[in-house]
Amino acid sequence: MFHSTVSDLNRARALATLAETEVAGDRPEGSMMNVNKMVDKAYETKTLKEIVEAPAAALQGLSDAAGELLDDLGVKTIGELATFKYCRWAEAIVVAAQYEEVGTEAERKVAREQKALQ
């Protein structure tokens, strides 16, 4: 569930961020955004602000059981998932892990010196 939750968090955060820029009533009624792979079909024609207020399980691929678990943790909406501190920490760890350097500074220095000699 960890990987799915981080993935779902990315979608939730993207939707929440986009919702901040949405102008009420500025999108033709019934138009579909290109969020087909982000939300369940029932939410494809909703405004971003409506999607952010939708249950977390409205994210495509997030099961009702996972939605209930999040609900038990106090995360009821996609917007709340986007700001849930434990999900944000997990997201930060996943991103930071891509840039993590292995070894101590002394070990990295030796490796750089050896590479320079090659």
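Residues numbered from 1 in each chain as written. Predicted model: local features only at pLDDT ≥ 70, side-chain atom pairs only at ≥ 80, totals over all residues. Heavy atoms only, no water.

A.B. asks: Quick one: what's the story with the overall build of the protein chain, residue by residue and with numbers?
C.D. replies: The helix and strand inventory of the protein chain stands at 6 helices and 0 strands. Sorting the 118 residues of the protein chain into buried and exposed places 31% on the buried side. Restricting to contacts in the protein chain with at least 6 residues of sequence separation, those with at least 24 account for 45%. Entry remark: accessible area of the protein chain is about 8,200 Å², with carbon and sulfur atoms responsible for 56%. (Helix = DSSP H or I, 4+ residues; strand = E, 2+ residues; numbered from the N terminus. Buried < 20%, exposed > 50% of the residue type's maximum accessible area, 1.4 Å probe, protein only. Contact = heavy atoms within 4.5 Å. Areas by Shrake-Rupley, 256 points an atom, 1.4 Å probe, with all protein chains shown as cover.)

A.B. asks: Give me the nonpolar core: which residues, what numbers.
C.D. replies: Counting 23 residues, the largest nonpolar core has Leu15, Leu59, Ile78 and Leu81 as the members making the most contacts within it. Here this core takes 4 residues from helix H1 (residues 2-21), the largest share from any one element. (Core = buried A, V, L, I, M, F, W, Y, C linked by side-chain atoms within 4.5 Å.)

A.B. asks: Would you mind going over the pattern of salt bridges in detail, with residue names and values included?
C.D. replies: This model, assessed by the stated rule, comprises 4 salt bridges. The partner of arginine 108 in a salt bridge is glutamate 105, with the nearest N and O atoms 2.8 Å apart. Of this pair, arginine 108 and glutamate 105 are both found in helix H6 (residues 105-117), 3 residues apart, which corresponds to roughly one turn of the helix. The exposure class assigned to arginine 108 is partly exposed, which follows from its relative accessible area of 21%. A relative accessible area of 45% means that glutamate 105 is categorised as partly exposed. (Salt bridge = Lys/Arg side-chain N within 4 Å of Asp/Glu carboxyl O.)

A.B. asks: Please give an account of the environment of glutamate 53 that cites residues and values.
C.D. replies: In this fold, glutamate 53 is placed in the loop between helix H2 (48-52) and helix H3 (64-72). A residue is classified by how much of its surface remains accessible, and glutamate 53, at 56% relative accessible area, is exposed. Between the C-alpha atoms of glutamate 53 and glycine 79, which are 26 residues apart in sequence, the distance is 6.2 Å.

A.B. asks: Run through the packing of aromatic side chains, naming residues and quoting values.
C.D. replies: Each aromatic ring pair is summarised here by two numbers: the centre-to-centre distance and the angle between the ring planes. Enumeration according to the criterion identifies 2 aromatic pairs in this entry. Relative to tyrosine 86, the ring of phenylalanine 84 has its centre 5.5 Å away and its plane inclined at 70°; by these criteria the two rings are edge-to-face. Ring geometry for tyrosine 86 versus tryptophan 89: centroids 5.2 Å apart, planes at 85°, classification edge-to-face. A residue pair is termed a helical-turn pair when its members lie 3 or 4 positions apart in one helix, as tyrosine 86 and tryptophan 89 do in helix H5 (residues 85-97) at 3 residues. Residue tyrosine 86 is classed as partly exposed on the basis of its relative accessible area of 47%. (Phe/Tyr/Trp six-rings, centres within 6.5 Å; stacked < 30°, edge-to-face > 60°.)

A.B. asks: Outline H5, listing residues and values.
C.D. replies: In this model H5 runs 18 Å from its N-terminal to its C-terminal C-alpha over 13 residues, within 8% of the 18 Å that 1.5 Å per residue would give. Taken together, the buried positions of H5 are Cys87, Ala90 and Glu91. Buried residues along H5 cover an arc of 100° about the axis, so they all sit on one side. (Expected span 1.5 Å × (residues − 1). Arc of directions from axis to C-beta.)

A.B. asks: Lay out the environment of isoleucine 51 with the relevant residues and their values.
C.D. replies: You can see isoleucine 51 is positioned in helix H2. With a relative accessible area of 0%, isoleucine 51 lands in the buried category. In this structure the C-alpha to C-alpha distance between isoleucine 51 and valine 39, which are 12 residues apart in sequence, comes to 8.2 Å.

A.B. asks: Go over the side chain of threonine 77 with me, naming the residues and quoting the values.
C.D. replies: Take threonine 77: it is sitting in the loop between H3 and helix H4 (78-83). Threonine 77 gets classed as buried once you look at its relative accessible area, which sits at 13%. For threonine 77, the side chain forms a polar contact with the main-chain nitrogen of glutamate 80, separated by 3.0 Å. Once residues lying within four places of it in the same chain are set aside, the contact partners of threonine 77 are Val52, Glu53, Ala54, Pro55 and Ala56. (Polar contact = N/O pair within 3.5 Å; in protein donor to acceptor, adjacent residues only side chain to side chain.)

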